[in-house]
Each structure stands twice: as structure tokens, then as C-alpha cells.
Amino acid sequence: MRIGVLTGGGDCPGLNAVIRAVVRKGITEYGHEFVGYRNGWRGPLDNLTRPLDVSSVRGILPRGGTILGSSRTNPFKIEGGVEKITANLAEQGVDALVAIGGEDTLGVAAKLYDQGVQVVGVPKTIDNDLNATDYTFGFDTAVNIAMEAIDRLHTTAESHHRCLVVELMGRHAGWIALHAGMAGGANVILLPERQFDVEKVAAYVEKRFETEYSPIVVVAEGATPLTGQMVLQNQERDAFGHVRLGGIGQWLAEQVEERTGKESRTVVLGHIQRGGTPTAFDRVLATRFGLQAIDAVHDGDWGKMVALRGTDIVRAPLSEATAELKTVPIERYAEAEVFFG
Ligand code: F6P
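Residues numbered from 1 in each chain as written. Predicted model: local features only at pLDDT ≥ 70, side-chain atom pairs only at ≥ 80, totals over all residues.

As annotated in an unreviewed UniProt entry, the chain carries the name Pyrophosphate--fructose 6-phosphate 1-phosphotransferase and is attributed to Natronosporangium hydrolyticum.

See the structure below:
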């Protein structure tokens, strides 16, 4: 079989580990042939390919990013896009696709499967908000990077008697903020799942200062205060329609400073959370996902994605991944000091 591999959406530590596992097992155990598609769905759309063999995946296990490149291209939003992809696959003699991506990429894979394309999906996102799997690779790396940043911020906050507000990624789900905040001993953790009361945050910060302690506030980029409390100046969208990072953290630090009279600073960790080498956990998970994905291809188990359930790697219908986002459930809020309105 000739198999195309692509990575779509925001990049994520562990993507290369998946590619390596798929290609190595696919060639050495099953004798398949591979073609790498560049830049997500843009690859099969415009026939952007690169060779993918055992030597081209050597040494990539610890490398962040993706050797295939990525994009947020959605062929269903492009006139004639789907027809172009199916024609290109036939022309290139590609029998099947392994699509590695998040909600959008897997959503496209699910729809292409409905149209007869032989496809298997691998879920990825640092946000850990995909429904069908207990964890996605990249999340553990992001949490560890954020935790280390929080550890470092504690010491400088204490030296200068400041409040430090750390803005972490997570537009719709607060998993990174919750886990990194807990692991780093943050005092306030604000999630997108529920609006927070800025007055309560300020009052809590003040209380912490009374005990000679310098508080750390973790805020997910998608967290919002109670309706009416915020006028966010920095909510313009970029040319791709994404809200710019760096809005809520800056706003919150200003509000805290204004209300408490305590000097406050903001750190927006941004894409550092997505860059660089994956943790051991993510390398293992990504490799296990890759091995299961190529087994699914070999079995002709189309329209499935691989998933972690407990400690097992299983296969689930692609449609499950995109049914709804997995947000932080309310029972988890009480595990950390999380403030609401
Ligand atoms: O989905 C992963 C993610 O890193 C989100 O946490 C973040 O909101 C978004 O991607 C940022 O996207 P971009 O890199 O396109 O700015």
C-alpha cells in the first residue's frame, strides 16, 4: 500500500515521534510505502510532497515541531477542495492517509472518510481538549514547561513583593492552566470554563500579601471575567481570525494593581508551551499512537482514530473526536484554588 502522512493544525511536541513510528513499522513490518504531505491538508490539495522512508525519520524522535510542516487549511472551506484532494490522491497512487491533528484536522478526515477516502486519524493538541482520548501528546510537555516557568516566577515575585500573572494557552479548555497551576503551586487559577470575579481575585491577592507572600495568578488565555467587568482593549483578531494572545493576562495584572496597590507584572508564555523537545510521557504516547495507527491502516480499519483509554491504546470512530470539546469538569475545580464569580 502507498500511504500519505500529514500533520495539521497548531504544532505540538511529539508529532515527529508519531511520524517515525508510523513510517518505521509500516516499512519494516508491513512493507508499505510512504509519501509525506507538507503543511497539513494543503499538501494533498496542492500535491506538496516529500519523501518519507526509514532514513528520513532517523533521529527525529526528540525533535519538537513537525518535519512535514503544518497549516490550518481546511479543504471543505475551499471551492472544489475535496474533489482536488481525491483526484490528487488517485494521481499520486496514494491508497490511504494517516492524518495527525486536532479537532479541525480530524474533522476534515472524518468528512473525507464519509466521501470514501481511506483514512486513519491520530489525535494531537497541547490543549488536551479532544473528546475521544484520555490524553493527547504534547499536553504533558506544555504543562511541564509552564510549571517550570511558574516555579521561576515564584522566586522573583517574592524578591520584589509583586503579584505575577501568568497567561497560559487554552482558548476553550483550561487543562494546561489547571495542571500547570496545581503543579506550580499557583494561588489563583482562572479557566475559560467559567467566568471569574475580578474583585475576588484582587481581594485574595491582597490577603496573600498580608502573609508576606507574593501571589502567582495563572489565567488561561480564554478565561473571562464576569460580564460587565471587562473591556478588553487587546481583542483584535489577526489576519487568520485568531484572537491575539496577551490580552487577558495584561488586563488582569492592571486590574489587580489598581485594586490592591501592589505592583503586578504579566508573563505571557505563548508558543514556548508548544516548542521544543517532548517529555518522555509524550514520546511514549506519540509512539504508541503511531504504532496503533499503522496497525489500523494495515487492518483496513478506516474512519478510526487512535486513542488512550486508561493505559490502553484503542481505536475510536473519528466522529467521536469532533463531537464536542473535552473541557475541565466542575468536580476538578475544587482541587485547586480556582475563583469564580
Ligand atoms: O490548539 C493549540 C493552541 O496552542 C491553543 O492553545 C492556542 O489557543 C492556539 O493553538 C494558538 O494558535 P496559533 O499558533 O495559530 O496562534
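And the narrative resumes.
A. Structural context of the overall build of the chain. Helix and strand counts for the chain stand at eleven helices and eleven strands. Across its three principal directions, the C-alpha atoms of the chain cover 70 × 40 × 30 Å. Burial analysis of the chain (341 residues in total) assigns 48% to the buried set. Partitioning the intrachain contacts of the chain with sequence separation of at least 6 by distance along the chain shows that 75% fall at a separation of at least 24. (Helix = DSSP H or I, 4+ residues; strand = E, 2+ residues; numbered from the N terminus. Buried ≥ 20, exposed ≤ 12 C-beta atoms within 10 Å, placed from the backbone. Contact = placed C-beta atoms within 7 Å.)

B. Inspection of unusual backbone geometry at higher detail. Phi at Asn39 is positive, roughly 60 degrees, even though this residue is not glycine. Position of Asn39 relative to the elements: it lies in the loop between β2 (33–37) and α2 (42–46).

C. Inspection of the sheet that holds strand β7 (residues 188–190) at higher detail. Taken in spatial order, the four strands of this open sheet run β7-β8-β6-β9, and their pairing is parallel. Of all the strands in the sheet, just β7 and β9 (264–268) have a single pairing partner and so form its edges. The sheet shows a mean angle of 15 degrees between the axes of neighbouring strands, taken without regard to direction. Inspection of the sheet shows strand β6 (residues 163–168) paired to β9 by five bridges, in the parallel sense. In the strand pairing of β9, Cys163 is matched with Ser264. Packed onto the sheet, helix α5 (residues 139–160) meets β6, β8 (216–220) and β9 and runs at close to 165 degrees relative to β6. (Pairing = 2+ DSSP bridges. Axes fitted to C-alpha atoms, helices over the stretch in contact; angles between N-to-C directions.)

D. View of the site of the ligand. Contacts to the ligand come from eleven residues, most closely from Gly10, Thr125, Asp127, Met169 and Arg171. Across the shell around the ligand, the residue classes break down as two nonpolar, five polar and four charged. Counting contributing residues, the shell around the ligand receives three or more from each of domain 1 (2–137 + 278–322) and domain 2 (139–274). (Near = placed C-beta within 6 Å. Nonpolar A, V, L, I, M, F, W, Y, C, P; charged D, E, K, R; others polar. Domains from an automatic or database assignment.)

E. Representation of the UniProt feature "site: Important for catalytic activity" (unreviewed entry) in the chain within the structure. Those residues carrying the UniProt feature "site: Important for catalytic activity" (unreviewed entry) are Lys124 in this numbering. With respect to the secondary-structure elements, Lys124 resides in the loop between β5 (119–123) and α5. For Lys124, a count of 33 C-beta atoms within 10 Å gives the class buried. Ignoring sequence-local partners within four residues, the contact set of Lys124 consists of Cys12, Gly14, Leu15, Ile100, Gly101, Gly102, Thr136, Phe137 and Gly138. (UniProt positions renumbered as here; feature names shortened; annotations may be inferred.)

F. Layout of the packing of helix α7 (residues 198–210) against helix α8 (residues 248–260). Interaxial distance between α7 and α8 falls to 9 Å at its minimum, and their mutual angle equals 60 degrees. As judged from the angle between their axes, α7 and α8 are oblique. Pair α7 / α8 crosses with right-handed handedness. Listed contacts from α8 to Val198, Val201, Ala202, Val205 and Glu206 of α7 are Gln255, Val256, Arg259 and Thr260. (Parallel < 35°, antiparallel > 145°, perpendicular 65-115°, else oblique. Left-handed = near helix turned anticlockwise from the far one by under 90°.)

G. Structural detail: the packing of α5 against helix α6 (residues 175–183). Packing of α5 against α6 brings their axes to within 8 Å, and their N-to-C directions diverge by 45 degrees. One finds that α5 runs oblique with respect to α6. Note that α5 runs across α6; the crossing there is right-handed. Contacts from Phe139, Ala142, Val143, Ala146, Met147 and Ile150 in α5 reach Trp175, Ile176, His179, Ala180 and Ala183 in α6.

H. Structural view of α7. With 13 residues, α7 extends 19 Å from end C-alpha to end C-alpha; this agrees with the ideal 18 Å at 1.5 Å per step. When α7 is considered as a whole, its buried residues turn out to be Val198, Val201, Ala202 and Val205. Down the axis of α7, the buried set is contained in an arc of 95 degrees. They therefore lie on one face. For α7, the elements touching its buried residues are β6, β7, β8 and α8. Backbone geometry just downstream of α7 places Glu212 in the positive-phi region, at approximately 65 degrees. (Expected span 1.5 Å × (residues − 1). Arc of directions from axis to C-beta.)

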